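Geometric and topological summary
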Amino acid sequence: MPGIEKLPIEETLEDSPQTRSLLGVFEEDTTAISNYCTQLYQAMQRIYDAQNELSAATHLTSKLLKEYDKQRFPLGGDDEVMSSTLQQFAKVIDELSSCHAVLSTQLADAMMFPITQFKERDLKEILTLKEVFQISSDDHDMAINRYSRLSKRRDNDKVRAEAVEDVYTSRKKQHQTMMHYFCSLNMLQYKKKTALLEPLLGYMQAQISFFKLGSENLTQQWEDFLGNIGTSVQNVRREMEEEVGQMQQTIQQIETSSDPLYAPCDPDPAHSPVCRNLTRKQGYLYIRNKTSLVTSSWERQYFFTQGGNLMQQGRGEVAGGLVMDLDNCSVMAVDSDDRRFCFQVTSFEGKKVVTLQAESRKDCQEWISTINNISKRIYLSENAEELAARVNQSALEAVTPSPSFQQRHESMRPSSKGRVGRASSVSSVGSEPSPALSVLSLDALVAPDTPIQFDIISPVSEENTAQSKTATQSGRRSNPFGESGDAASEDREDLILHQLYIVRFLGSMEVRSVESAEVISETMRQILAARAIHNVFRMTESHLLVTCDCLKLIDPQTQVTRLRFPLSNVVQCSSHQDNKRLFGFILQSAGGRGVCYIFESNNDGEKICDSVGLAKQIAFHSEMDRKAEEKKKEQDKAKEKQQEELSKQKQIEKDLEEQSRLIAASSRPSNAPGSDAQFLVLSNSQSEDSDVGEEGKKKGESEA
């Protein structure tokens, strides 16, 4: 006979969902066996009733035949031949009635008794054990819930001791009940074979003994067959007895070794140290679920790691559900106000945070170490445990920070020379191709073998580097997100146009031609095809701010500028002809090439392109007005400088005339007392013009 499926008694203490699922399969099998045995019992009961009815009918027939002589028939009642013939029939039928009575007794003993015992004793025993196991399981859940709700602030030794004792008692009861329940279910797999074969064997033996007066060949043939069936039944019974002995011995060993594991407290570290080299772990944890803005609830679930994922599975579920992707995640132990042994897992993007509670401090530390090892992708190596041992040999609590969302891409540097005089070319992508496009190959539009960026990567510009250096030298803090420090001037310019749109980034790639109107259409086609081929469905949602100075991608949660595109470097912007929600623009870079960015918006893409075109026009006119104003200021400064030179020239001429007059007056002898005054005048004229003053002073001294 084929092997017998058995429930693993060794896994009863862990009580994992996989074990419960396997238990559910055995319970379904038990239910199916019970239903089938009930139907088979009813059929055999009908056979037994029919045999009793046949025996009674045969006996009644024999009796009636014997009473034929006592009957008073008006015609032919005294026929002796008929009477003797019926008497012979009555004798034969009486013998048959005796055989049927013996057959009924044999059917009752060999057919009805085994199946009745199996139905009334074995199946009912399993149902009783099932109810006891369910009660003990519920008691254990209630006890572990009371233990987990122990207050951290108000620590009462008596209450904690009672809770620990309650958990110990309920867990031990559940474990023992579950082991005996598993043992009964395993025995049922053997008993169902004997319960089906023994009644049939008894039925056939009774029939053979009934028909033994018949053909000897037939009797010998059935005896050989039934002899083989009897041998098989004996072998199954012997194997069942051996298996029962082994299961009883296993139960005793497990009960002896599992006694220290019933208590939820931390075991002795000397006998059970914390293992920090795990890359897989499973067990029951409490997960915190928010029920409102200020309240939350805790739910006990079975958690396990599968590859780089954290899974959870409830009782009665066939498979587990994904909780979080653990690659590049962060995990740390946290202090909870109402729970102990809590730790927190944060996803790579930082958008999902899960708070879990372990049963003990050792379990909490092992979970933290395991998740930390998985987040570092140690599980992908061949010797994962050895690598984890080397990495975590000095770590007490594993904490992996999430990588920065803002990554730098040095290959793309936007040009600092803006095209102010060029307005944004807003077109509709997907229109009829121009004649130039039919001649121009796709390689002339998009650079071949260009990688497609599906995530937002911030370009590093020389302007941001220069701004950071200037800010460092001046003692001001630099903005790490590339925003300019002169916020007041930008705000004044942005007040002219300030429009905000919700967009989702699809991808970007480098393009060769920035002038062609079809380059954005080809870029959209390649990015959408690449997303479909590689099954990339994740999109980064941002707020696109259109101003007269630049285009900004802002994080909707933190309001931090992710990317800043100078409007002067935006060459063209266009939308898709069929799908109006798709749009893109080309950013001019150094060297003549550019980068095409593709987005999906909630609004019409043409409106966003119109806003970009309007912003470029406003920026163009603002730049022209600024240049005209600067030119006017330069002309005014030139006129003022010319006026100053003319006034200075007039003053020099006036001083020369005054000097000539004084010289002429000083040459007369009658005016000697006025020489001092003349000298003073010469000194004053010297302060106005140094060269003329020096010559006048010398002449004045000589005249004096």
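Structural data are supplied above this passage.
Attention in this report is confined to the structure presented alongside it.

About the criteria used
Residues numbered from 1 in each chain as written. Predicted model: local features only at pLDDT ≥ 70, side-chain atom pairs only at ≥ 80, totals over all residues. Heavy atoms only, no water. Helix = DSSP H or I, 4+ residues; strand = E, 2+ residues; numbered from the N terminus. Expected span 1.5 Å × (residues − 1). Buried < 20%, exposed > 50% of the residue type's maximum accessible area, 1.4 Å probe, protein only. Bend = angle between axes of the 7 residues up to and from the residue. Polar contact = N/O pair within 3.5 Å; in protein donor to acceptor, adjacent residues only side chain to side chain. Phe/Tyr/Trp six-rings, centres within 6.5 Å; stacked < 30°, edge-to-face > 60°. Disulfide = S-S within 2.5 Å. Salt bridge = Lys/Arg side-chain N within 4 Å of Asp/Glu carboxyl O. Axes fitted to C-alpha atoms, helices over the stretch in contact; angles between N-to-C directions. Parallel < 35°, antiparallel > 145°, perpendicular 65-115°, else oblique. Left-handed = near helix turned anticlockwise from the far one by under 90°. Pairing = 2+ DSSP bridges. 1 Å grid on protein atoms, 1.4 Å probe; cavity = no way out; pocket = protein on both sides within 12 Å on 5 of 7 lines; lining within 4 Å. Points joined across faces, edges and corners; volume = space filled by probe spheres on them. Nonpolar A, V, L, I, M, F, W, Y, C, P; charged D, E, K, R; others polar.

Description of helix 12 (residues 605-666)
- The first and last C-alpha atoms of helix 12 sit 91 Å apart over 62 residues, in line with the 92 Å expected at 1.5 Å per residue.
- Residues of helix 12 that are buried: G605, I608, C609, S611, V612, G613, A615, K616, E623, D655, Q659 and L662.

A look at helix 3 (residues 157-210)
- The first and last C-alpha atoms of helix 3 sit 76 Å apart over 54 residues, in line with the 80 Å expected at 1.5 Å per residue.
- Remark: the principal bend of helix 3, roughly 35°, maps to Q189.
- By the N-cap criterion, in which a side-chain oxygen at the helix start approaches the backbone nitrogen of a residue two or three places on, helix 3 is capped by N156, the distance to K158 being 3.1 Å.

Things to note about the packing of aromatic side chains
- Applying the stated criterion to the full structure yields 11 aromatic pairs.
- A ring pair is formed by Y302 and F304, whose centres lie 6.3 Å apart and whose planes are at 40°; its orientation type is tilted.
- Y302 gets classed as buried once you look at its relative accessible area, which sits at 3%.
- We classify F304 as buried; its relative accessible area is 12%.
- Arranged with centres 5.8 Å apart and planes meeting at 15°, the rings of F585 and F599 form a pair that is stacked. Highlighted residues: F585 in strand 16 (residues 582-588) and F599 in strand 17 (residues 594-601), separated in sequence by 14 residues.

Concerning the state of the cysteines
- Under the counting rule described, the total for this entry stands at zero disulfides.
- No disulfide involves C609; its nearest neighbouring cysteine sulfur is the one of C573, lying 3.1 Å away.

Focus on the pattern of salt bridges
- For the coordinates displayed, the defined rule picks out 27 salt bridges.
- Residue K119 pairs with E120 through a salt bridge whose shortest N-O separation is 3.2 Å.
- Here E120 falls in the partly exposed class, since its relative accessible area comes to 35%.
- The closest approach of N and O atoms between D166 and R146, which form a salt bridge, is 2.1 Å. Linking D166 in helix 3 with R146 in helix 2 (residues 80-148), this pair joins segments that are 20 residues apart in sequence.

A closer look at unusual backbone geometry
- With a phi close to 55°, D15 is a non-glycine residue in the positive phi region.
- Locating D15 in the fold gives a position in the segment before helix 1 (17-66).
- The buried category is assigned to D15, whose relative accessible area is 4%.
- Despite not being glycine, N328 shows a phi value in the positive range, around 60°.
- The topology assignment puts N328 in the loop between strand 4 (321-325) and strand 5 (330-334).
- For N328, a relative accessible area of 29% gives the class partly exposed.

Here we look at the packing of helix 1 against helix 3
- Running from amino to carboxyl end, helix 1 crosses helix 3 at an angle of 30°, the nearest separation of the two axes being 11 Å. With respect to helix 3, the element helix 1 is oriented roughly parallel. For the element pair helix 1 and helix 3, the recorded crossing hand is left-handed.

Description of the pairing of strand 15 (residues 570-576)
- Among the seven residues of strand 15, seven are classified as buried, and the element is accordingly described as predominantly covered.
- With five bridges connecting them, strand 15 and strand 16 associate as antiparallel partners. Residue Q572 lies in a different strand from strand 16, and its bridge partner there is I586.
- Between strand 15 and strand 16, which pair antiparallel and follow one another directly, the connecting turn spans five residues.

Notes on the environment of Q45
- Mapped onto the fold, Q45 is located in helix 1.
- Separated by 67 residues in sequence, Q45 and M112 place their C-alpha atoms 7.2 Å apart.

Looking at the layout of surface pockets
- Approximately 900 Å³ is the volume attributed to the largest pocket.
- Lining the largest pocket are 30 residues; nearest its centre among them are L13, R171, L261, E359 and D363.
- Looking at the lining of the largest pocket, the element that brings in the most residues is helix 5 (residues 361-375), giving four residues.
- Its residues placed into classes, the lining of the largest pocket shows nine nonpolar, eight polar and 13 charged.

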